[in-house]
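Understanding the architecture of this molecule
One letter stands for each residue in the lines below.
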Amino acid sequence: MSERLPVHERFHSWQGEGMHLGRSAYFIRLFGCPVHCPWCDSAGTWHPDYIPENVEKLPVAELALAAQESGAEFVVVTGGEPAIHDLGELTRALRVFGLPVHIETSGGFAIRGDFDWITLSPKWQKLPLAENLAKASEFKLIVETADSIEKWIQKIGVHFENTPVWLHPEWSKRADAQVLRSITQTVKRRGAPFRAGYQMHKLYQADLLDPNSRPAAPLGGDPSQGY
Ligand code: SF4
């Protein structure tokens, strides 16, 4: 019998971030995250004020078939924190269809499954495991304040040498001059592997065109949320 995974949403869109920006992708957003970032933009996957009444538990065979039928070039398994789940059967099912499989993770949990691309976005609330830092295909640093980048360089910069490091303004700070300036200055001063990034799909509202997607539930670092 096919294993089931708790799915918050799954939809066909395009990758709005990183090295695969602009490519047709099928997203499987799994439920659950114990990391609890104060500005999480996927709070519907874990925050008590936003989680839906019912969470679908779907067979991995059904997810793989939907991804294949979408016609997308590759699949992105995201969350929540997808690595809290054993993804071995899901990645095997997707490979039957010849679909490349990517994961977006905080890196704080052992990754179970066979992935072609690992986007590691480190979080202070649950630091990445050394084994995940070593196998990241790209890093995505969320820039919350003007000193965010330097703090991450000091903490895990030794792993950045030959791996692209995307610098993304935290979405509620996307027009914050100090945050944006810190990204620009880092790219100008340091050059590779640092690259200025943005969540382009949010500008397009691309994900919402698929009826199986859910509206984003961003916390935006609002202390009144209790996080
Ligand atoms: S941003 Fe990612 S790691 Fe942080 S709480 Fe949200 S889903 Fe979890």
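The structure under discussion appears in the preceding block.
Given the structure is predicted, the values throughout are model-derived calculations rather than measurements.

**Quick look at the sheet that holds strand E5 (residues 101-105)**
Pairing within the open sheet is mixed, and its 9 strands lie in the order E3-E1-E2-E4-E5-E6-E7-E8-E9. Every other strand in the sheet has two partners, leaving strand E3 (56-59) and strand E9 (194-196) as the edge strands with one partner each. Ignoring strand direction, the axes of neighbouring strands in this sheet form an average angle of 30°. The strands that helix H1 (residues 60-70) touches are strand E1 (4-14), strand E2 (24-30), E3 and strand E4 (74-78); relative to E3, the one it contacts most, it runs at about 75°.

**Re the nonpolar core**
Nonpolar side chains in soluble globular proteins tend to be buried together. The biggest cluster of nonpolar side chains holds 26 residues, and the ones touching the most others in it are Ala67, Val75, Val77, Leu90 and Leu94. When residues of this core are traced back to their parent elements, those giving at least two are E1, E2, H1, E4, helix H2 (88-96) and E5. Counting residues per element, this core draws most heavily on E2, at 5 residues. Excluding its chain neighbours within four sequence positions, the residues that come into contact with Leu94 are Ala64, Ala67, Val75, Leu99 and Val101. Membership of the second largest hydrophobic core comes to 13 residues, among which are Ile149, Leu167, Val179 and Phe194.

**Some thoughts on helix H4 (residues 148-156)**
What H4 keeps buried is the set Ser148, Ile149 and Ile156. All buried residues of H4 lie within an arc of 95° about the axis, which places them on one face of the element. Facing away from the buried side of H4, by more than 90 degrees, are the exposed residues Glu150 and Gln154. Here the buried face of H4 lies against helix H3 (130-135), strand E7 (138-143), strand E8 (165-169) and helix H5 (177-190).

**Some thoughts on the pairing of strand E6 (residues 117-120)**
Judged from the 4 bridges that link them, E5 and E6 form a sheet pairing that is parallel. Opposite Glu104, over in E6, you have Thr119 as the bridge partner. Here 2 bridges tie E6 to E7, and the two strands are oriented parallel to one another. Counted as the bridge partner of Leu120 is Phe139 from E7.

Reading the values: rules and limits
- Residues numbered from 1 in each chain as written.
- Predicted model: local features only at pLDDT ≥ 70, side-chain atom pairs only at ≥ 80, totals over all residues.
- Pairing = 2+ DSSP bridges.
- Helix = DSSP H or I, 4+ residues; strand = E, 2+ residues; numbered from the N terminus.
- Axes fitted to C-alpha atoms, helices over the stretch in contact; angles between N-to-C directions.
- Contact = placed C-beta atoms within 7 Å.
- Core = buried A, V, L, I, M, F, W, Y, C linked by C-beta atoms within 7 Å.
- Buried ≥ 20, exposed ≤ 12 C-beta atoms within 10 Å, placed from the backbone.
- Arc of directions from axis to C-beta.

Geometric values such as these leave the question of function open.
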